[in-house]
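# Summary of structural features
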Amino acid sequence: MERTLMGLMEYQRFEREPELQSVIDAVHARYATRELNADELERVSAAGVAEQKPDRPELDKK
(Lines give C-alpha, C1' and ligand atoms only; values in the text may rest on other atoms or scores of the structure.)
Protein backbone atom coordinates (compact mmCIF):
# COMPACT_ATOMS: atom_id res chain seq x y z
CA MET A 1 0.00 0.00 0.00
CA GLU A 2 2.81 2.38 0.90
CA ARG A 3 4.45 1.78 -2.49
CA THR A 4 1.19 2.62 -4.24
CA LEU A 5 0.84 5.87 -2.31
CA MET A 6 4.45 6.85 -3.00
CA GLY A 7 3.92 6.09 -6.69
CA LEU A 8 0.84 8.30 -6.80
CA MET A 9 2.73 11.15 -5.11
CA GLU A 10 5.56 10.85 -7.63
CA TYR A 11 3.05 10.76 -10.48
CA GLN A 12 1.28 13.85 -9.13
CA ARG A 13 4.55 15.75 -8.85
CA PHE A 14 5.08 15.54 -12.62
CA GLU A 15 1.58 15.23 -14.09
CA ARG A 16 -0.38 17.72 -11.93
CA GLU A 17 -3.59 15.67 -12.15
CA PRO A 18 -6.45 17.85 -10.77
CA GLU A 19 -8.59 14.97 -9.47
CA LEU A 20 -5.67 13.36 -7.65
CA GLN A 21 -4.70 16.75 -6.23
CA SER A 22 -8.19 17.20 -4.80
CA VAL A 23 -7.87 13.84 -3.00
CA ILE A 24 -4.43 14.82 -1.65
CA ASP A 25 -5.77 18.19 -0.47
CA ALA A 26 -8.74 16.54 1.26
CA VAL A 27 -6.44 14.15 3.14
CA HIS A 28 -4.11 16.99 4.15
CA ALA A 29 -7.10 18.98 5.43
CA ARG A 30 -8.39 16.02 7.42
CA TYR A 31 -5.06 15.16 9.04
CA ALA A 32 -3.51 18.60 9.30
CA THR A 33 -1.17 19.21 12.22
CA ARG A 34 -3.04 20.89 15.03
CA GLU A 35 -2.75 21.42 18.74
CA LEU A 36 -4.51 18.93 21.00
CA ASN A 37 -7.30 20.23 23.21
CA ALA A 38 -7.57 19.41 26.94
CA ASP A 39 -9.85 16.40 26.40
CA GLU A 40 -7.45 14.88 23.88
CA LEU A 41 -4.47 15.52 26.15
CA GLU A 42 -6.09 13.38 28.86
CA ARG A 43 -5.78 10.39 26.53
CA VAL A 44 -2.08 10.92 25.83
CA SER A 45 0.32 8.75 27.78
CA ALA A 46 4.04 9.20 28.09
CA ALA A 47 6.29 6.25 27.34
CA GLY A 48 7.68 5.76 30.82
CA VAL A 49 8.76 7.82 33.75
CA ALA A 50 11.74 10.15 33.68
CA GLU A 51 14.35 9.08 36.17
CA GLN A 52 17.22 11.09 37.56
CA LYS A 53 20.42 9.28 36.62
CA PRO A 54 23.12 9.17 39.25
CA ASP A 55 26.18 11.32 38.72
CA ARG A 56 29.05 9.49 37.06
CA PRO A 57 32.29 11.19 38.07
CA GLU A 58 34.32 8.95 35.75
CA LEU A 59 32.72 10.69 32.78
CA ASP A 60 33.63 14.14 34.08
CA LYS A 61 37.37 13.32 34.07
CA LYS A 62 37.54 13.09 30.25
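### With respect to the packing of helix H1 (residues 2-15) against helix H2 (residues 18-30)
The contact between H1 and H2 brings their axes to 10 Å, and the two run at 125°. Comparing their axes, H2 and H1 come out oblique. Where H1 crosses over H2, the handedness of that crossing is left-handed. Residues Leu8, Met9, Tyr11 and Gln12 of H1 form the contact with H2, whose own contacting residues are Leu20, Gln21 and Ile24. Along the lines of polarity and charge, the residues of the contact of H1 with H2 split into five nonpolar, two polar and no charged.

### Considering the side chain of Gln12
Here Gln12 lies in helix H1. By relative accessible area, which is 5% here, Gln12 ends up buried. One polar contact links the side chain of Gln12 to the main-chain amide nitrogen of Glu17, over a distance of 3.0 Å. In contact with Gln12, not counting residues within four places along its chain, are Glu17, Leu20, Gln21 and Ile24.

### A short note on the layout of surface pockets
In this structure, the largest pocket spans a volume of roughly 170 Å³. When residues in the lining of the largest pocket are grouped by element, the largest group, five residues, is from H2. When its residues are assigned to classes, the lining of the largest pocket shows seven nonpolar, one polar and no charged.

### Overview of the pattern of salt bridges
Taken as a whole, this structure holds one salt bridge when the rule is applied. As a salt-bridge pair, Glu10 and Arg13 come within 3.3 Å of each other at their nearest N and O atoms. You can see Glu10 and its partner Arg13 sitting in helix H1, three residues apart, about one turn around the helix. Under the relative-accessibility criterion, Glu10 is labelled partly exposed at 35%.

Definitions and limits used
- Sequence order as written defines residue numbering, which begins from 1 separately in each chain.
- Given that the model is predicted, a residue must reach a pLDDT of at least 70 before its local features are reported, and side-chain atom pairs must reach 80 or more before they are shown or counted; all residues, however, enter totals for whole chains, interfaces and linings.
- Only hydrogens and water are set aside when side-chain values are computed; all heavy atoms of the structure are taken into account.
- Only C-alpha atoms enter the line fits that serve as axes; for helices the fit covers just the stretch in contact. Angles between N-to-C directions range over 0 to 180 degrees.
- Here a strand is any run of E in DSSP of at least two residues, a helix any run of H or I of at least four, and the numbering for each starts at the N terminus.
- In this scheme, roughly parallel covers angles under 35 degrees and roughly antiparallel covers those over 145, while 65 to 115 is roughly perpendicular and the rest are oblique.
- Helix crossings fall into two classes, left-handed where the near helix is turned counterclockwise from the far one by less than a right angle and right-handed where it is turned clockwise.
- Any two residues whose heavy atoms approach within 4.5 Å at even a single point are treated as in contact.
- Under the convention adopted here, Pro, Cys and the residues Ala, Val, Leu, Ile, Met, Phe, Trp and Tyr are nonpolar, Asp, Glu, Lys and Arg are charged, and Gly plus all remaining residues are polar.
- For the exposure calls, accessible area comes from a 1.4 Å probe over protein chains only, and a residue counts as buried if that area is under 20% of its type's maximum, exposed if over 50%, partly exposed in between.
- We define a polar contact as two N or O atoms separated by no more than 3.5 Å, with the added condition that, inside protein, one atom must be a possible hydrogen donor and the other a possible acceptor, whereas residues neighbouring each other in sequence contribute only through side-chain atom pairs.
- Cavity means a closed set of points on a 1 Å grid over the protein atoms alone, one where a 1.4 Å probe fits but cannot get out, pocket means an open set with protein on both sides within 12 Å along at least 5 of 7 lines, and lining means a residue has an atom within 4 Å of a point.
- Grid points are joined across faces, edges and corners, and a volume is the space filled by probe spheres set on the points.
- Any Lys or Arg side-chain nitrogen located within 4 Å of an Asp or Glu carboxyl oxygen qualifies as a salt bridge.

Read these as geometric descriptors, not functional statements.
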